[in-house]
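Chain and residue survey
Listed here are the chains, written in short residue letters.
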Amino acid sequence: MEKKQIGIVGAGTSGLLACKYMLSKGFDPIVFETKSDVGGVWIKTIASTKLQTPKSFYQFSDFPWPSSVTENFPAQHKVFDYIRSYAQHFDLIKHIRFNTKVVSIEYKGLSDKEIQSCSLWNGNGQPFSFKGKWKVVVDSTKNKSTEVHNVDFVILCLGRYCDVPNIPEFPPKKGPEAFHGKVIHSMDYAAMDYESAANFVEGKKVIVVGFQKSALDIAMECSAANGLKNPCTVLYRTEQWNVPANLPWGLPLTCLCLNRFSELLVPKPGDGFFRSLLATMLSPLRWTFSKFVESQINKKHRLAKYGMVPKHDFSQQISSCLIATVPEQFYDKVEEGSIILKKSQSFSFCEEGILVDGEASSTTPLKTDVMILATGFRGDQKLRDIFVSQVFQDYKQGSSDETFPLYREIVHPRIPQLAVIGFSESFSNLHTSEMKCQWLAQLLDGTFKLPSIKEMENDMVEWDEYLKRSSGQHYRRSCIAMPIWYNDQLCKDMGWNPKRKKGFFAELFEPYGPLDYVSPSRSN
């Protein structure tokens, strides 16, 4: 029998995992990668970027970090080397078409009307159809040629932190076009070689917009380049409970939030009456844990001194996957004055710099030479635009506050023969992607079947309501804040025992990590 061909878009960590697990089930994967190497966002980053997750939680389950990497948060080049070694070890490179950009994908099989009337995924509840295929149009970025591939299944591993920058909208004549200096996105800054990036900011007044990881790293590099002579201003909207690189409370964060006991404190979708009651009874303990962490972060970073104490709970922020690691000595730079923190809900451009709205001095410009917008990416737009079908584009959009709805955060009930890996966020994106790829490989191999479309959609609504309850104002779709509970669902689907530890207390209190989820076939 001819092997089913699986088209995989992207050769970052998710694409490599998808390729590896498709091969393990006897499928024929072909990976399309725009760049000339594997690794996705890790190919090129800001010079000072380090892994935010401890390396024991950011690793492949069957390919441990080399003993030569001793630090807990390795630098970018070590992370990239590790990912590339994985691809070489499992001989994945030969399945990748580098310098190949996917222009569009179009489903050839059921019509849009037929798909909308289906009660089972793909019309038959099976992962494949004898008449349905995806037409994948790709462009070579080297010789400018176009090719068409017809594949039996598509896995989108595009990621959400690259390619399409999120640029704030401005009133007419008050955007970057009004500014006489330079305006770039953090993506453009990261694309520079390290010497060019340093020269770009040296001797200039720089404003960095944002307060997540990229913004903090760029601000530190600007501070190193210019010191007190030209302080770097960080313009932010909301204070965040960003955690220190060296955790000050004596216990790793993983021991406090990545075990079953911590997840018992939160009511989750599908919990019965007694589990919901238990979570409600234990809610004061969750509040205590949250306040304990907040007090330690406040103490470590001296947040009160700088007016940086967030108004929301740490538990809400971690439930929104918005935790970032603060670079070492960041607040020391704030203390000395080489980094200036400035809060603003909005701003606009003028010739000399920006006007910060809402201030008494809002008519006086904040003078600058360079603006760096560390304002994130539009991963949802990138995924939506890849579809030829307007109906599929609308499915990906969801409603105004529910972008990108997926069952198990992997498949859309009404888009056949397609999966998405690597879009959802978690404490360890690599580990989450590996679990999804194992689940998808088992689904395509016929180990289990998906429920009806209606059941999947109901499940998605429950998941969304849970996210809104736990995250509050920081609600964001595609966040897996309860990774053990989420992995339990995948394990049950695959027929695995979701309890992976030995002993009652270990099961309840030990952190769960990638090595706990080695597939049963390998562990035997």
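Right, let's walk through the structure included here. (Residues numbered from 1 in each chain as written. Predicted model: local features only at pLDDT ≥ 70, side-chain atom pairs only at ≥ 80, totals over all residues. Heavy atoms only, no water.)

Formally, a disulfide is one covalent bond, and it connects the sulfur atom of one cysteine to the sulfur atom of another. Inspection of the entire model under this criterion finds 1 disulfide. Each sulfur of the disulfide joining Cys-321 and Cys-479 lies 2.1 Å from the other. As the torsion about the S-S bond is roughly 80°, the Cys-321-Cys-479 disulfide counts as right-handed. One end of the pair, Cys-321, is in the loop between helix H10 (314-318) and strand E12 (325-326); the other, Cys-479, is in the loop between helix H15 (453-471) and helix H16 (483-494), and 158 residues separate them in sequence. Take Cys-321 and Cys-479: they sit in the same class, and that class is buried. Here Cys-350 is not disulfide-linked; the sulfur of Cys-232 is the nearest cysteine sulfur, at 18 Å. (Disulfide = S-S within 2.5 Å. Helix = DSSP H or I, 4+ residues; strand = E, 2+ residues; numbered from the N terminus. Buried < 20%, exposed > 50% of the residue type's maximum accessible area, 1.4 Å probe, protein only.)

The subject of this paragraph is the pairing of strand E9 (residues 206-209). Covered by surrounding structure in E9 are Val-206 and Val-208 together with Ile-207 and Val-209, the residues of both alternating faces. Sheet analysis places E9 next to strand E17 (residues 370-373), joined by 4 bridges and oriented parallel. The partner of Val-208 across the bridge, within E17, is Ile-372. Two strands pair when backbone bridges link them, and E9 and strand E10 (residues 232-236) are joined in this way by 3 bridges, in the parallel orientation. Opposite Val-208, over in E10, you have Val-234 as the bridge partner. (Pairing = 2+ DSSP bridges.)

Within the structure shown, the criterion is met by 2 cavities of 30 Å³ or more. Of the volumes computed, that of the largest cavity is approximately 120 Å³. Around the largest cavity sit 14 residues that line it, and Phe-57, Leu-258, His-431, Pro-483 and Tyr-512 are the ones nearest its centre. Contributing elements (two or more residues each) for the lining of the largest cavity: helix H14 (429-444) and H16. Sorting elements by how many residues they give to the lining of the largest cavity places H16 first, with 3 residues. For the lining of the largest cavity, a count of residues per class yields 8 nonpolar, 6 polar and no charged. Looking at the second largest cavity, the residues that line it are Ile-115, Cys-118, Leu-120, Trp-121, Asn-122, Gly-123, Pro-413, Arg-414, Pro-416 and Ile-453. For the lining of the second largest cavity, the residue count by class is 7 nonpolar, 2 polar and 1 charged. (1 Å grid on protein atoms, 1.4 Å probe; cavity = no way out; pocket = protein on both sides within 12 Å on 5 of 7 lines; lining within 4 Å. Points joined across faces, edges and corners; volume = space filled by probe spheres on them. Nonpolar A, V, L, I, M, F, W, Y, C, P; charged D, E, K, R; others polar.)

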